[in-house]
Amino acid sequence: MTTLRLGTREFGVDDRAVMAIINRTPDSFFDQGAHVDLAAAMSAVDLAVEQGAAIVDVGGVKAGPGEPVERDEEIRRTAAFVAAVRRRHPSLVISVDTWRAEVGRAVCEAGADLLNDAWQGFDPGLAVVAGEFGAGLVCSHAGGLPPRTDPHRVAYDDVVAEVVATVTGLAERAVSVGVRRDGVLIDAAHDFGKNTYHSLEVTRRLDELVATGWPVLVAVSNKKFLGETLDADKDNRLEATLAATALCAWAGGRVFRAHQVAATRRVLDTVSSIAGTRPPAVSRRALA
């Protein structure tokens, strides 16, 4: 495993970084449009940084089915905001969740450091844009589905083998078109092209993704597979999210996309201390 370089930041093999979710969409499944307003979105970024996020992931289109969002509208929701965040937080890693090359170009021109493609390279031009601008790229598995499509009776002989083959192939293709090798992450993309059993298996076997050597992005925060695991609605999935986060961190995940930044940061710090790569914040007990 190698150092991950995004923007001006470097993340070593023992670092576990939090990527805060900032959705500029009126129909986001979790926050229901809380960050559509520019001031509210910027306040959310400020709070995320204060709570320990090293990366923010800005989204302009809801992941699941919903009202159509054209390219220009997605750019309107994201590019100017990226530029504003860059001015306010010069060293913060700014990611944009998009599958469109044209959007990728606009946000990279505005200062984005990472393009988070959750849709398995649906637009192959996105990787070309990342290479052109020196930006990082997330390579994900979505079961070959088009963007904003829910899976239906999806089946795999071995879901983890399918995920590994897909994301490593996309990662090597990204490098071949100019993306820096130390700027590529892979993501199993829990829920995307998968049922709950698939997402649980990917979580259980995350070490197989880590073993590829590519840095692994973990995006489990409040997702539907955790809701089905506990029969819990979106507002009651925190414990499940943190349990999955801890397991994935122990398995070697490097970046963790999260709605609840402070809780996620504390879990990751605890895992790092148990692993012996982070000293306790204080150590007084039984030493006096």
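Everything that follows concerns the structure shown earlier in this document.
Residues numbered from 1 in each chain as written. Predicted model: local features only at pLDDT ≥ 70, side-chain atom pairs only at ≥ 80, totals over all residues. Heavy atoms only, no water.

## Observations concerning the overall build of the chain
1) Next: Across its full length, the chain carries 10 helices and 10 strands.
2) Next: Against the compact-globule benchmark of 19 Å for 288 residues, the chain has a radius of gyration of 18 Å, which places it among compact chains.
3) Next: The C-alpha extent of the chain, read off along each of the three principal axes, is 65 × 50 × 40 Å.
4) Next: Across the 288 residues that make up the chain, the buried fraction comes to 53%.
5) Next: Partitioning the intrachain contacts of the chain with sequence separation of at least 6 by distance along the chain shows that 70% fall at a separation of at least 24.
6) Next: Mean positive and mean negative side-chain charge positions of the chain (32 and 38 charges, respectively) differ by 4 Å. (Helix = DSSP H or I, 4+ residues; strand = E, 2+ residues; numbered from the N terminus. Rg over C-alpha atoms; globule rule 2.2 N^0.38 Å. Buried < 20%, exposed > 50% of the residue type's maximum accessible area, 1.4 Å probe, protein only. Contact = heavy atoms within 4.5 Å. Lys, Arg positive; Asp, Glu negative; His and termini not counted. Charge placed at Lys NZ, Arg CZ, Asp CG, Glu CD.)

## Focus on the pattern of salt bridges
1) Next: According to the stated counting rule, one finds 19 salt bridges in the structure shown.
2) Next: Its salt-bridge partner being Arg86, residue Asp113 comes within 2.5 Å of it at the nearest N-O pair. Of the two residues, Asp113 is situated in the loop between helix H3 (101-110) and strand E6 (114-117) and Arg86 in helix H2 (residues 71-88); the sequence distance between them amounts to 27 residues. Accessibility assignment for this pair places Asp113 and Arg86 in one class, buried.
3) Next: A cluster of three or more residues bridged by salt bridges with shared partners is formed by Asp158, Glu201, Arg205 and Glu208. (Salt bridge = Lys/Arg side-chain N within 4 Å of Asp/Glu carboxyl O.)

## Here's the deal with the environment of Thr277
1) Next: Relative to the assigned elements, Thr277 resides in the segment after helix H10 (261-275).
2) Next: Given a relative accessible area of 35%, Thr277 falls into the partly exposed group.
3) Next: Those residues in contact with Thr277 that lie beyond four places of it in its chain are Asp14, Arg16 and Ser272.

## Focus on the packing of aromatic side chains
1) Next: Inspection of every chain in the model, using the stated rule, returns 1 aromatic pair.
2) Next: In this structure, Arg24 is placed above the aromatic ring of Phe81, and the distance from its NZ or CZ to the ring centre is 4.9 Å. (Phe/Tyr/Trp six-rings, centres within 6.5 Å; stacked < 30°, edge-to-face > 60°. Lys NZ or Arg CZ within 6 Å of the ring centre and 35° of its normal.)

## Observations regarding unusual backbone geometry
Glycine aside, negative phi is the norm for most residues, and most peptide bonds take the trans geometry.
1) Next: One non-glycine residue, Asp191, adopts positive backbone phi at about 80 degrees.
2) Next: Structurally, Asp191 is set in the loop between strand E8 (184-187) and helix H6 (196-204).
3) Next: For Asp191, a relative accessible area of 17% translates into the label buried.
4) Next: With a phi angle near 65 degrees, Ala286 is a residue other than glycine that sits in the positive phi range.
5) Next: Topologically, Ala286 is positioned in the segment after H10.

## Notes on the side chain of Asp57
1) Next: Secondary-structure assignment places Asp57 in strand E4 (residues 55-59).
2) Next: At a separation of 3.1 Å, a polar atom in the side chain of Asp57 contacts the side chain of Asn116.
3) Next: Setting aside chain neighbours within four positions, we find Asp57 in contact with Met19, Ala20, Ile21, Ile22, Ser95, Val96, Asp97, Asn116 and Arg257. (Polar contact = N/O pair within 3.5 Å; in protein donor to acceptor, adjacent residues only side chain to side chain.)

## So, the nonpolar core
1) Next: The biggest cluster of nonpolar side chains holds 68 residues, and the ones touching the most others in it are Phe81, Val107, Leu115, Leu137 and Leu209.
2) Next: Considering every element that reaches this core, the biggest residue donor is helix H5 (residues 159-176), with 7 residues.
3) Next: Residues contacting Leu115, with those up to four places away along its chain left out, are Val96, Gly104, Val107, Cys108, Leu126, Val129, Ala130, Gly136, Leu137 and Val138.
4) Next: Counting residues in each nonpolar core, the second largest holds 13 residues, with Leu4, Leu6, Val138 and Val255 among its members. (Core = buried A, V, L, I, M, F, W, Y, C linked by side-chain atoms within 4.5 Å.)

## Let's talk about the sheet that holds strand E7 (residues 136-140)
Picture the strands of a sheet paired through backbone hydrogen bonds; they go either parallel or antiparallel.
1) Next: Reading around the circumference, E3-E4-E5-E6-E7-E8-E9-E10 is the order of the 8 strands in this closed barrel, with parallel pairing throughout. Averaged over neighbouring strand pairs, the angle between their axes works out to 25 degrees when direction is ignored.
2) Next: Summarising the sheet, strand E5 (residues 93-97) and E6 pair through 3 bridges and their orientation is parallel. Across the sheet, residue Val96 finds its bridge partner in E6, namely Leu115. (Pairing = 2+ DSSP bridges. Axes fitted to C-alpha atoms, helices over the stretch in contact; angles between N-to-C directions.)

## Concerning helix H1 (residues 38-50)
Helical periodicity: at 3.6 residues per turn, an α-helix aligns residues three or four positions apart in one direction.
1) Next: Between its first and last C-alpha atoms H1 spans 18 Å; for 13 residues at 1.5 Å apiece the expected length is 18 Å, and the two agree.
2) Next: Among the residues of H1, Ala41, Met42, Ala44, Val45 and Ala48 are the ones counted as buried. Taken down its axis, H1 places every buried residue within 155 degrees of arc, on the same side. Exposed residues lying more than 90 degrees from the buried face of H1 are Ala39 and Glu50.
3) Next: Buried residues belonging to H1 abut strand E3 (17-23), E4, H2 and H10.
4) Next: Its side-chain oxygen placed 3.1 Å from the backbone nitrogen of Ala39, Asp37 serves as the N-cap of H1.
5) Next: Residue Gly52 follows H1 closely and has a positive phi angle near 115 degrees. (Expected span 1.5 Å × (residues − 1). Arc of directions from axis to C-beta.)

Function cannot be read off these values alone, since they describe shape.
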